[in-house]
Amino acid sequence: MRRSRLLATGKQRRGPLRRDRPRAVRETGVAGTGPLRLGLLQLQFEPLLIESKAAATVVLMLDSPEEEVLAKACDAIYKFASKGDENKVTLLGLGAVERLYKLISHEDPVVRRNAMMVFGIMASNHDVKKLLRELDVTSSLLSHLVPEEDVVIHEFATLCLAHMAVEYTAKVQIFEQGGLEPLINLLGSPDPDVTKNSVECIYLLVQDFESRAAVCELNVIPPLLDLLKSEYPVIQLLALKTLEVISKDREMRIILGENQGFDCLLKILETNEFSDLHAEALAVLANCLEDVHTMQLIQQTGGLKKLLSFVGVSAVPDIQKNAAKAIAKAAYDSENRKILNEEDVENCLINLLEIDDDEVKVAASQAISAMCENLASKRAFGLQGIPQLVQLLSSEDEEVKEAAVIALANLTTASPSNASAVADAEGIEPLVKTLNAERHGAIANAATVLTNMAMQEPLRLSIQSHGVMSVLTEPLRSASSQVQSRAALTVAAFGCDANARSELRNAGGLGPLVELLHSKNKEVRRNACWAVMVCASDELTAVELCRLGALDILEEINLSTGRRNNFSEAALERLLDNNLSQKYSQMGYLSSSNVITDGFYDYGKIKPGMKFLSLEELSMQELTDRRAIIFINAKPQEDVLSVEEKPQHLSYEQTTSSPFATRKSSREKVRKGKGKKEEEKMKEVVEIMSEVQDEINLADAQWQPPPDFVLMNYINDASKTILPLTTTREQVVALAQFVADKMGGAIERDKLHDFSWELHISEIEFELKSNIVPIGKVKKGTFCHRALLFKVIADRLGIGCSLVRGEYNRAWNEVKLVDDSPQGVSGLLLPPQEYIVDLMFVPGFLMKQESAEADQYKYI
């Protein structure tokens, strides 16, 4: 009598199973190399007992022509191979596999059966499987799965196939040789070993999509459902695992529903005795719930309510986790979300957040994230689930933290009420801390939540008080494009506040932000441009961004059709609008909306690739032969008397406290000190050096451009004489005449070359020992000086005008004026016309744009 392998290996059945049919006995034991007994052979001359201690001898007997010798040799080899993997390798090396392959098709049923038994157990060895694939034994094995073959041969043939089906190549061989159909037929075998091996082999085969499509046509669902009633848990488990794989296809889910498969699965969940199968049953249901039709069918039969109720009362973490995963899968469909919302799935998921198991919390958070696409669910979670999710942000488990913050990101997107609920649950501080989390997903979604909350000013200010901009500097340096993109977007959300921009600037965050402009990722580059555009809203930040190279990068981006975006163009414009000195130097144009303020300077036309230096950096340079840098500063320093209190007869030098002069005088002191004898003047030199260092430190710490009191006078005088005029045309003409008068008066066109303005500017530079010249110091100015002064005073008086740089020191102002109505026509409103203002030849003469006079003024 032979015991069932399921019984022999401890795979106990759930109920009694009687076995009366004789079977071959297979013993298990510890690997050994004891003698191989072949028993008593009846030879023609006399009975002979053969006993061999060498496996090689028995393997040689597999070549015997006598059936009884072959049968007993196979039986001995079976016992030897059953004792361990080492013995299988020994037999492989002795050539047993090739000989056994011939014997599995032997005409004697006993020889064939015993050879197949050896084949079945030896196939568990990796090297043996490799040889079996080379021998292409699958066709021979499949040929023995016919109904009339011995059940033992069925058992070991299917066992061998199950071992081989682990390898992809063998799967292909079995499928191509039509192995699925006989295996499915054997699912109804009365022998549990045959059933177990067959369903296991099918389970391995359907991992491949071709096999999944084939089993649909072979009607595998009914026999698999029948196996769920088996007395053996291992068979039920394999049947459920197979159903889980094939139910990923919609057609199989439909067939499963038509065969009352959902009822079978729910019965398993309702039966406590089948608790070891609950997780797999839930996995099958999870696939089924993805389909709207199936979901509706389960809901109509009350199955969905049973499922959620089962999850609510279960105390098994694996069950709770798998149930949450099933809900998450189903919730990716909008109709499914609606059905789940009708069944009040939100309460079920919120309760799962309270379970003391990290995997359950992760699965529940993921399900909440999926359900957030439904507005009703999003509102429900906002009322109840947000406090629990906020608590999970403090979890030591990084995966829990990530899942929770992803759920919060989905909950707060386009939901101001949920964003406020996060703040009410004291979620701001843990969210800011999450920006330093280990997982990129946690950091990115924490940034998203903060961005969503920043849409409300009170929340934005509250978040900002936690130093969010300083914390964002590290995410901006992240290697993850997702983190980079979200962090840049968060900077854009908070950068609208001046204090936030200052915090980012002081924390060193502008550098990594500018680096993101180089990103090859389209979203990262777009969000970085957005953040730069927002941060360039004040002059200090704009200047710093330009110093870091943002302007050059943005210009390069805008030249590329593939990399350019709306934000890159807007960022470049905003950057230049808040750094007018560089804008005029690079673009040669300032519009009427570009109001020149104190601190502006005309650096001249800058060459491509040349660094644009700040006024402070230029002040440190020695006097050179380069063109003068004209700067504007009509604002007195705090320690200098206002222009009204200054005696009007004082010279420019007497009314200017210039850092340029201070730094130059310090160097002069050092040079003079060196001319004296060391032994006599050592003490004096030390004092001078100390004084010089104090002056340098003071200048570096509180550097400001010197005030231009002459310009102040110009502005005051122009205000008194020009503003009272009634029309803009009159004001423009009067201002043009005023500027020309201050810059050397009208010049005859033929005598323009005699107007020695270059010498005059050089004398000023030499006098100041600097290339930086206040515009009020210029008394002989050419086109570029007059146009700049006109723009400066016009901006202060509220007269709209633009400033355009031409070639060869040419520059001009453009104004828009409305002409008077034609005679005889009253009340006609004409569109404004653009004029160029003559400041050189006939000051105050207005030339229409595109006219011959205008072209002559600009170019000749």
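Residues numbered from 1 in each chain as written. Predicted model: local features only at pLDDT ≥ 70, side-chain atom pairs only at ≥ 80, totals over all residues. Heavy atoms only, no water.

*Asks:* Could you clarify how one ought to interpret the overall build of the chain in this entry?
*Replies:* Within the chain, the secondary structure is distributed over 49 helices and 10 strands. Residues classed as buried in the chain amount to 53% of the 860 residues present. Considering only contacts within the chain whose residues lie at least 6 apart along the sequence, 68% involve residues at least 24 apart. Total accessible area on the chain stands at roughly 40200 Å², and carbon and sulfur atoms take up 51% of it. (Helix = DSSP H or I, 4+ residues; strand = E, 2+ residues; numbered from the N terminus. Buried < 20%, exposed > 50% of the residue type's maximum accessible area, 1.4 Å probe, protein only. Contact = heavy atoms within 4.5 Å. Areas by Shrake-Rupley, 256 points an atom, 1.4 Å probe, with all protein chains shown as cover.)

*Asks:* What should I look at first to understand the sheet that holds strand 10 (residues 846–848) in this one?
*Replies:* Strand pairs in the sheet, formed through backbone hydrogen bonds, run parallel or antiparallel to each other. Spatial strand order, 3-7-8-9-10: 5 strands in an open sheet with antiparallel pairing. Bordering the open sheet on either side are strand 3 (589–590) and strand 10, each of which pairs with just one other strand. Against the sheet, helix 46 (residues 728–742) touches strand 8 (811–817), strand 9 (833–837) and strand 10, its axis set at about 165° to strand 8. (Pairing = 2+ DSSP bridges. Axes fitted to C-alpha atoms, helices over the stretch in contact; angles between N-to-C directions.)

*Asks:* Mind showing me how you'd approach helix 21 (residues 317–330) here?
*Replies:* Side chains of residues three or four places apart in an α-helix project in the same direction, reflecting 3.6 residues per turn. The end-to-end C-alpha distance of helix 21, which contains 14 residues, comes to 20 Å, matching closely the 20 Å that a straight helix rising 1.5 Å per residue would cover. Across the 14 residues of helix 21, 10 count as buried, placing the element largely inside the fold. If you check which residues of helix 21 are buried, you get Ile319, Gln320, Lys321, Asn322, Ala323, Ala324, Ala326, Ile327, Ala328 and Ala330. (Expected span 1.5 Å × (residues − 1).)

*Asks:* What's the story with the packing of aromatic side chains in this structure? I'm lost.
*Replies:* Under the counting rule described, the total for this entry stands at 11 aromatic pairs. Between Tyr584 and Phe600 the ring centres are 6.3 Å apart and the planes differ by 45°, which places this aromatic pair in the tilted class. Here Phe600 lies in the loop between strand 3 and strand 4 (601–602) and Tyr584 lies in helix 41 (residues 580–587), a separation of 16 residues in the sequence. The exposure classification of Tyr584 matches that of Phe600, with both residues buried. One aromatic cluster in this structure is built from Tyr601, Tyr603 and Phe612. For the cation-ring pair, Arg810 lies above Phe783, with the distance from its terminal atom to the ring centre recorded as 4.1 Å. (Phe/Tyr/Trp six-rings, centres within 6.5 Å; stacked < 30°, edge-to-face > 60°. Lys NZ or Arg CZ within 6 Å of the ring centre and 35° of its normal.)

*Asks:* Is there a simple way to think about the pairing of strand 8 in this case?
*Replies:* Across a regular strand the side chains alternate sides, sitting on one face of the sheet and then on the other. Burial analysis of strand 8 places 6 of its 7 residues in the buried class, the great majority of the element. Relative to strand 8, strand 7 (residues 802–805) runs antiparallel, the two being bridged by 4 bridges. For Ser802, the partnering residue across the bridge sits in strand 8 and is Glu814. In textbook terms, the turn of a hairpin is the stretch between consecutive antiparallel strands, and for strand 7 and strand 8 this stretch comprises 5 residues, one of which, Tyr808, has a positive phi near 55°. Note that strand 8 and strand 9 share 4 bridges and pair antiparallel. The partner of Leu817 across the bridge, within strand 9, is Gln833.

*Asks:* Where do I start with the pattern of salt bridges in this structure?
*Replies:* Two side chains that carry opposite charge are able to pair once their charged atoms sit near each other. Going through the model one piece at a time under the given rule, you end up with 27 salt bridges. We note a salt bridge from Arg99 to Asp63, for which the minimum N-O separation is 2.9 Å. One end of the pair, Arg99, is in helix 5 (residues 96–103); the other, Asp63, is in the loop between helix 2 (55–61) and helix 3 (67–82), with 36 residues separating them in the sequence. Taking the shortest distance from any N to any O, the salt bridge between Arg563 and Glu556 comes out at 3.7 Å. (Salt bridge = Lys/Arg side-chain N within 4 Å of Asp/Glu carboxyl O.)

*Asks:* Would you mind going over the sheet that holds strand 6 (residues 772–774) with me for this structure?
*Replies:* The sheet built from 3 strands is open, its strands ordered 4-5-6 with mixed pairing. Only two strands of the sheet have a single neighbouring strand rather than two, namely strand 4 and strand 6. Relative to strand 6, strand 5 (residues 629–631) runs parallel, the two sharing 3 bridges. Counted as the bridge partner of Ile630 is Val773 from strand 6.

*Asks:* What is the right way to read the pairing of strand 7 from this model?
*Replies:* What you see with strand 7 is no split at all: Ser802 and Val804 on one side and Leu803 and Arg805 on the other are buried throughout. Sheet topology places strand 3 next to strand 7; 2 bridges connect them, and they run antiparallel. Of the residues in strand 7, the one forming a bridge with Tyr589 is Val804.

*Asks:* How do you make sense of the environment of Glu758 when you look at a structure like this?
*Replies:* Relative to the helices and strands, Glu758 resides in helix 47 (residues 757–768). For the pair Glu758 and Arg627, spaced 131 residues apart in sequence, the C-alpha to C-alpha distance is 9.2 Å.

*Asks:* Help me out: how do you make sense of unusual backbone geometry in this one?
*Replies:* Keep in mind that most residues, glycine aside, have a negative phi and that most peptide bonds are trans. You will see that Asp136, though not glycine, has its phi angle at about 55°, which is positive. In this structure, Asp136 sits in the loop between helix 7 (126–135) and helix 8 (138–143). When its relative accessible area of 30% is taken as the criterion, Asp136 is described as partly exposed. Positive phi, normally seen in glycine, also occurs at Glu426, with a value near 60°.

*Asks:* Would you take a moment to explain the environment of Lys520 for this structure?
*Replies:* Along the chain, Lys520 turns up in the loop between helix 36 (510–515) and helix 37 (522–535). Expressed as a C-alpha distance, the spacing of Lys520 and Arg563, which sit 43 residues apart in the sequence, is 8.6 Å.

*Asks:* Would you mind showing me how to read the confidence of the model for the chain here?
*Replies:* Per-residue confidence for the chain gives a mean pLDDT of 85, with 85% of residues at or over 70. With pLDDT under 50 throughout, residues 14–35 is counted as low confidence; its partners more than four residues away or in other chains account for 56 contacts. The model gives residues 661–679 a pLDDT under 50, and that stretch makes 24 contacts with residues more than four places away or in other chains. (pLDDT = per-residue confidence, 0-100.)

*Asks:* Is there a simple way to think about the packing of helix 16 (residues 250–258) against helix 17 (residues 261–270) in this case?
*Replies:* Axes are the key here: two packed helices are described by the angle between their axes and the distance separating the axes. Packing of helix 16 against helix 17 leaves a shortest axis separation of 5 Å and a crossing angle of 75°. Compared by their axis directions, helix 16 and helix 17 come out roughly perpendicular. In this structure, helix 16 contributes Arg253, Leu256 and Gly257 to the contact, and helix 17 contributes Gly261, Phe262 and Leu265. (Parallel < 35°, antiparallel > 145°, perpendicular 65-115°, else oblique.)

*Asks:* Please clarify how the packing of helix 5 against helix 6 (residues 109–122) should be interpreted in this entry.
*Replies:* Closest axis-to-axis distance for the helix 5/helix 6 pair is 8 Å, and the angle between their directions is 140°. One finds that helix 5 runs oblique with respect to helix 6. For the crossing formed where helix 5 meets helix 6, the hand is left-handed. Residues Val97, Leu100, Tyr101 and Leu103 of helix 5 form the contact with helix 6, whose participating residues are Val111, Arg112, Ala115, Val118, Phe119 and Met122. Considering only residue class, the contact of helix 5 with helix 6 consists of 9 nonpolar, no polar and 1 charged. (Left-handed = near helix turned anticlockwise from the far one by under 90°. Nonpolar A, V, L, I, M, F, W, Y, C, P; charged D, E, K, R; others polar.)

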